[in-house]
Amino acid sequence: MGSTLPATVAPSRGLHILLWVVQGLLAAVFGVTGITKAITPIEQLAHQMSWIAEAAPGLVRFIGLAELTGAVGMILPAGLRVAPWLTGLAGLGLAAIMALAVGFHVHREEYYMLPVNFLLGGLALFVAWGRFNGAPIPSR
Amino acid sequence: MPFNSQPKIDPSKGNHLALWVLQILLAAGFGMYGLLKVVTPMPELPDEIPWTADSSEALVRFVGAAELTGAVGLIFPAAVRVAPWLTPMAAVGLAIIMALAALFHVGRGELAPLPINLILGGTALLVAWGRLRLAPIPSR
C-alpha cells in the first residue's frame, strides 16, 4: 500500500470540512432525538428511552427543546454567517447536556448509554474548539 | 462578542489534532461496546443490548470482536506508524458494521438506535477520509 500518500486537500480547508461534517452529524442526531423528546406522547416515549418513565414530563420536554436548539445552532449561525460564534456556544451547550446525561445515567446505574454520551459530548466540544480557535467562521 | 476570528493554530496541525480526537472518541466507544459483546455472558447481555436476546451467540461475539478490532485499528497503526494505512481501513470497517447495524435495526422495526448508528458510522467515515486524503500518517 502507498504509505507515504501526500495530502490531497489543502490543510486550511481540511479542518473546515471536518467541522462541517461533524456539525451536520450532530445536528441530525440531536435534531432527531430532540424533536422526539419534545413532541412524542410521554407513554410512547418510555418505550424508546427507559429513563423517561421516571422523569418529570417537564424535564423531558425541556431537554428535547435544548437539544433541538443546539441542533439548529450547529448549522444556522455558521451557515448564514450571522453571529457565527453562536455555533461554538451551541457546541458547548450540547456538551453540557451530555455531561449532565452522564451524571444522570451513572446515578441510575445505566452504563450502556455512556459511550454514546461521551462520543456526542466529545464531538460537541470538538466543534466548540474548532469554531472558537481552529477554524472560526468570519461574520459577514 | 469579542471572539477572535483568526485561527490560532497551524492548519495542518489542527487537522491531525482533530482526527486524533475523533479516532480516540470512536476507539473508546467501539472498544467498550465491543468488549461488552465479547465477554458478557449471553443471559446477561439482553439487559444492556436488547437485540442480543434474539441473535445467535456466534453473531454477537463476532460483532463484538469486529468492533474491538476496529477500535484497536483506529489507534495502534497510526500511533506506532507501522502500516498506518490500516487506520482508515479500520474506520471503513467500522462504518460498514454501522451500515449493517442500521439495516438490521430497521428490519426489526427499531428506530431508536438509528441516530447512534448514524453518528458512529458518520464519524468513522470522516476518520477514513481524513486519514486517506486530508492528513495521512506517514510510515516510519
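Refer to the structure presented above.
Residues numbered from 1 in each chain as written. Chains lettered and ligands numbered in written order. Predicted model: local features only at pLDDT ≥ 70, side-chain atom pairs only at ≥ 80, totals over all residues. Heavy atoms only, no water.

## Digging into the overall build of chain A
Here comes step 1: When you go through chain A residue by residue, the secondary structure sums to five helices and zero strands.
Here comes step 2: The secondary structure elements of chain A, listed N-terminal to C-terminal, are α-α-α-α-α.
Here comes step 3: For chain A, the C-alpha atoms occupy an extent of roughly 55 × 45 × 20 Å along the three principal directions.
Here comes step 4: Within chain A, buried positions represent 48% of all 140 residues.
Here comes step 5: Considering only intrachain contacts with a sequence separation of at least 6, the fraction spanning at least 24 residues in chain A is 66%.
Here comes step 6: Summed over its atoms, the accessible surface of chain A is roughly 6700 Å², and 70% of this surface lies on carbon and sulfur atoms.
Here comes step 7: When the 7 basic and 5 acidic side-chain charges of chain A are each reduced to a single mean position, those positions are 25 Å apart. (Helix = DSSP H or I, 4+ residues; strand = E, 2+ residues; numbered from the N terminus. Buried < 20%, exposed > 50% of the residue type's maximum accessible area, 1.4 Å probe, protein only. Contact = heavy atoms within 4.5 Å. Areas by Shrake-Rupley, 256 points an atom, 1.4 Å probe, with all protein chains shown as cover. Lys, Arg positive; Asp, Glu negative; His and termini not counted. Charge placed at Lys NZ, Arg CZ, Asp CG, Glu CD.)

## Things to note about the packing of helix H3 (residues 57–80) of chain B against helix H4 (residues 86–107) of chain B
All names here are of chain B.
Here comes step 1: At their nearest, the axes of H3 and H4 sit 8 Å apart, and the two run at 150° to each other. When the axes of H3 and H4 are compared, the pair comes out roughly antiparallel. Seen along the crossing, H3 lies across H4 with a hand that is left-handed. Between H3, through Val63, Ala66, Glu67, Gly70, Ala71, Gly73, Leu74, Pro77 and Ala78, and H4, the contact on the second element is made entirely by Leu86, Thr87, Ala90, Ala91, Leu94, Ile97 and Met98.
Here comes step 2: Grouping the constituent residues of the contact of H3 with H4 by class yields twelve nonpolar, three polar and one charged. (Axes fitted to C-alpha atoms, helices over the stretch in contact; angles between N-to-C directions. Parallel < 35°, antiparallel > 145°, perpendicular 65-115°, else oblique. Left-handed = near helix turned anticlockwise from the far one by under 90°. Nonpolar A, V, L, I, M, F, W, Y, C, P; charged D, E, K, R; others polar.)

## Observations concerning the interface of chain B and chain A
Here comes step 1: Contacts between the two partners involve 42 residues from chain B, matched on the other side by 39 residues from chain A.
Here comes step 2: The largest per-residue losses of area from chain B upon contact with chain A belong to Leu25(B), Tyr33(B) and Ile119(B), which jointly make up 16% of the total buried on that side.
Here comes step 3: On inspection of chain B and its partner chain A, the count reaches zero salt bridges.
Here comes step 4: Summed over the shared surface of chain B and chain A, the number is two residue pairs in polar contact (both at pLDDT 80 or more).
Here comes step 5: At the level of elements, helix H1 (11–39) and helix H5 (114–134) of chain B are the ones that each hand at least two residues to the side of chain B that touches chain A.
Here comes step 6: Considering only residue class, the side of chain B that touches chain A consists of 29 nonpolar, ten polar and three charged. (Buried area = accessible area lost by both parts, 1.4 Å probe. Salt bridge = Lys/Arg side-chain N within 4 Å of Asp/Glu carboxyl O. Polar contact = N/O pair within 3.5 Å; in protein donor to acceptor, adjacent residues only side chain to side chain.)

## Observations regarding the environment of Ile97(B)
Residue and element names in this part refer to chain B.
Here comes step 1: Here isoleucine 97 lies in helix H4.
Here comes step 2: Taking the C-alpha atoms as reference, isoleucine 97 lies 9.7 Å from glycine 70; in sequence the two are 27 residues apart.
Here comes step 3: When neighbours within four sequence positions are excluded, isoleucine 97 is seen to be in contact with Val63, Ala66 and Glu67.

## Side note on the nonpolar core
Here comes step 1: In terms of nonpolar packing, the biggest core is built from 58 residues, with Val22(A), Leu26(A), Leu120(A), Leu123(A), Leu26(B) and Ile119(B) touching the most fellow members.
Here comes step 2: Counting residues per element, the ones that place at least two in this core are helix H1 (11–39), helix H3 (57–80), helix H4 (85–107) and helix H5 (114–134) of chain A together with H1, H3, H4 and H5 of chain B.
Here comes step 3: When residues of this core are assigned to their parent elements, the largest contribution, nine residues, is made by H1(A).
Here comes step 4: Those residues in contact with Leu120(A) that sit more than four places away from it in its chain are Leu26(A), Val29(A), Phe30(A), Met98(A) and Ile119(B). (Core = buried A, V, L, I, M, F, W, Y, C linked by side-chain atoms within 4.5 Å.)

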